[in-house]
Every structure is written in C-alpha cells, then in structure tokens.
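Spelled out, the chains give:
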Amino acid sequence: STGIAALLAGVLPGLRLSRLTLQADMARAGRTSTGRTSWLACGLVTTQLALSLLLVTAAGLLLRTIVHLAGVDPGFRAEHVVVLNVRDETPGSSFGDVDSPAQKTQRATLYRTLDERVNALAGVRAASISWLGLFSTNDLWLPLINVDQNTDRALSRIDYVSWRYFETMGMEILRGRGFTDRDREGAERVGVVNEALARERFGNGDPLGHRLALDYTGEQNRPFRIVGIVRDSKYSSLREKKTLP
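Residues numbered from 1 in each chain as written. Predicted model: local features only at pLDDT ≥ 70, side-chain atom pairs only at ≥ 80, totals over all residues. Heavy atoms only, no water.

Enquirer: Even after reading the chapter, I still don't get helix α2 (residues 101-119), so can you show me in this structure?
Expert: Residues lying three or four places apart along an α-helix face the same way, a consequence of the helix completing one turn every 3.6 residues. Between the first and last C-alpha of α2 there are 27 Å, a value that for 19 residues agrees with the 27 Å anticipated at 1.5 Å per step. All of the buried residues in α2 are Arg107, Asp115 and Asn119. For α2, the arc enclosing every buried residue in end-on projection is 95 degrees, short of the 170-degree limit, so these residues lie on one face. Opposite its buried face, α2 presents the exposed residues Ala102, Thr105 and Arg117, each directed more than 90 degrees away. (Helix = DSSP H or I, 4+ residues; strand = E, 2+ residues; numbered from the N terminus. Expected span 1.5 Å × (residues − 1). Buried < 20%, exposed > 50% of the residue type's maximum accessible area, 1.4 Å probe, protein only. Arc of directions from axis to C-beta.)

Following this line, the structure appears as structure tokens:
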C-alpha cells in the first residue's frame, strides 16, 4: 500500500504537470502559428494586389493599342482576306540565289497553276500570289536605277506579285493601271509604284512611262516601265509612321 501511495503521489502530479506543459506549449505554438499565418496572409494579399494592378495596367495599355490600331488606315481592305504561306519544296529549288532560266520557267508554271486553281475555287472573289507579302519578316530592299537619267540609285522595297494582287488586297490604283494577265514572261516588263516612291523619285513630275531597273545581278539591263501608281499602304507593320517607297 505504501508503494501504491508513493506511485500515485508521484505519477498523478507528474501527469498533471505534463498536461499543463503540453497545453502551454500548444498555446505558444498557436500564437506562433497565428503570427506566421498572419504574415503569410498579408504577403499573399500584397502580391495579389500588385499582380492585379499589373494586369489591369497591361490590359489598359493593350486596349489603348487595339483602339489606336483600329483607327489606323492600312491602305488596303483587311476584311475577308486570308493569307497563306506557300513554299516551293521541289528538290534543287533555290532561295536567295539567281535561278537558272529552266528553274524560272518551272517555278513560274507552278505558281501560275496554283494561282489559277485558287481563283477557280467556289466562294473566292480574287486571289493573288505575292513573293514577300505584307507584314512579312522577309524584306528585299534594292537600289533602283532610273534608266532615263542613270543617276538615281535610292533603295526601294521590291516585291513580285501576280496580276490580281491589288484587287485581292483592295488597294486603290490612283493613276494608270494595275497588272493584267497580259503582263507575263515575254511581254514588256512593267511595274507599279506607290505614292511614296513617286514623290521621292519624281517630285511633282509624272512617273508613268519612266523606266526603272534593279541594281542587281542580271537586272541592270532589264528595266521595267512604270504603268501605275498605287495608294500608299502599310507594308511591314500597322505602327509604321512613314510609308517607305
């Protein structure tokens, strides 16, 4: 009985003390956890507010850009126009090099057939092929020789297009004419220039009928005659502040 009394006298206070210590530790842990949770919550709220402000600012800038670009006159009709990238994967085809006469003939036949087939599709009002195209990352800038004066070699943007190009893109021919199906290999070489080139090269003069040639291998003696002036348009980006020739 003495042993039992001693055991009870020692164990019961010990259990009670351990319970109080456990409760105190839990209380302290709760206060620490609450503090950490409060700090974490404040951090999350601050981060959310910062991200929300950033998103709202970005959305506002994007909306302003969209509204601004919507008011820009591109110089062509963008509605209902579909652009497809087509590449000649024929073995031996070269890009950036001067093609042989046989390669030129083969490629001309390939693209003429493609042009005719697309224009024959039901629902297609007009289709055309452009070598570089609008808003292309590939630009070709070459010096143009004024054959009649043999002095001017200012750089101009060059593109080759099939004859329905201006009709397809809704670009307005201001003077002269656009291309026709008669403007093909073997016929007189002709070109259409924009207003910017006409102003830069001829000032108040009449560009129609003048001859220009590319200052490029094999092109210096193959001039083309200006037959039309097309309205200025955006070529590389809607953000262009100045229309280039």
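From this point, the narrative continues.
Enquirer: Quick question: what am I supposed to make of helix α4 (residues 195-202) here?
Expert: Within the span of α4, buried status applies to Ala196, Leu197, Ala198, Arg201 and Phe202. At its buried positions, α4 is contacted by β1 (141-146), β2 (155-157), β4 (190-194), β5 (211-214) and β6 (224-230). In the segment just after α4, Gly203 is the residue with positive phi, at about 60 degrees. (Contact = heavy atoms within 4.5 Å.)

Enquirer: How should the pattern of salt bridges be read in this particular structure?
Expert: Pairing between side chains becomes possible if they bear opposite charge and their charged atoms approach one another. Scanning the model with the defined rule gives ten salt bridges in all. Between Arg199 and Asp232 there is a salt bridge whose closest N-O contact spans 3.1 Å. Taken together, the residues span a long stretch of sequence, with Arg199 in helix α4 and Asp232 in the segment after β6 at a distance of 33 residues. Exposure remark for Asp232: the relative accessible area of 13% places this residue in the buried category. Ionic pairing is found between Arg201 and Glu200, a salt bridge with its closest N-O pair at 3.7 Å. With relative accessibility at 45%, the residue Glu200 sits in the partly exposed group. Three or more residues joined by partner-sharing salt bridges are found here, namely Arg112, Asp181 and Arg184. (Salt bridge = Lys/Arg side-chain N within 4 Å of Asp/Glu carboxyl O.)

Enquirer: Looking at this structure, how should I read the packing of aromatic side chains?
Expert: In this description, a pair of aromatic rings is defined by centroid distance and the angle of the planes. Under the definition given, this model contains three aromatic pairs. Plain terms: the ring middles of Trp131 and Tyr160 are 5.6 Å apart, the flat faces sit at 65 degrees to each other, and that makes the pair edge-to-face. Separated by 29 residues along the polypeptide, Trp131 in the loop between α2 and β1 and Tyr160 in the loop between β2 and α3 (165-169) bring together distant segments of the chain. A centroid spacing of 5.8 Å and a plane angle of 20 degrees characterise the contact between Phe166 and Phe179, whose relative ring orientation is stacked. Residue Phe166 is found in helix α3, and its partner Phe179 is found in the loop between β3 (173-176) and β4; the two are separated by 13 residues along the sequence. Accessibility expressed as a relative area gives 17% for Phe179, which makes it buried. (Phe/Tyr/Trp six-rings, centres within 6.5 Å; stacked < 30°, edge-to-face > 60°.)

Enquirer: Any chance you could explain the pairing of β6 here in plain terms?
Expert: The side chains of a regular strand alternate between both faces of the sheet. For β6, a buried count of six out of seven residues is recorded, marking the element as mostly surrounded by other parts of the structure. Alignment of β3 against β6, held across three bridges, turns out to be antiparallel. Bridged to Arg175 within β6 is Ile229. Where β4 lies against β6, five bridges are found, and the strand directions are parallel. Of the residues in β6, the one forming a bridge with Gly191 is Ile226. Relative to β6, β5 is paired through two bridges, and the arrangement is antiparallel. (Pairing = 2+ DSSP bridges.)

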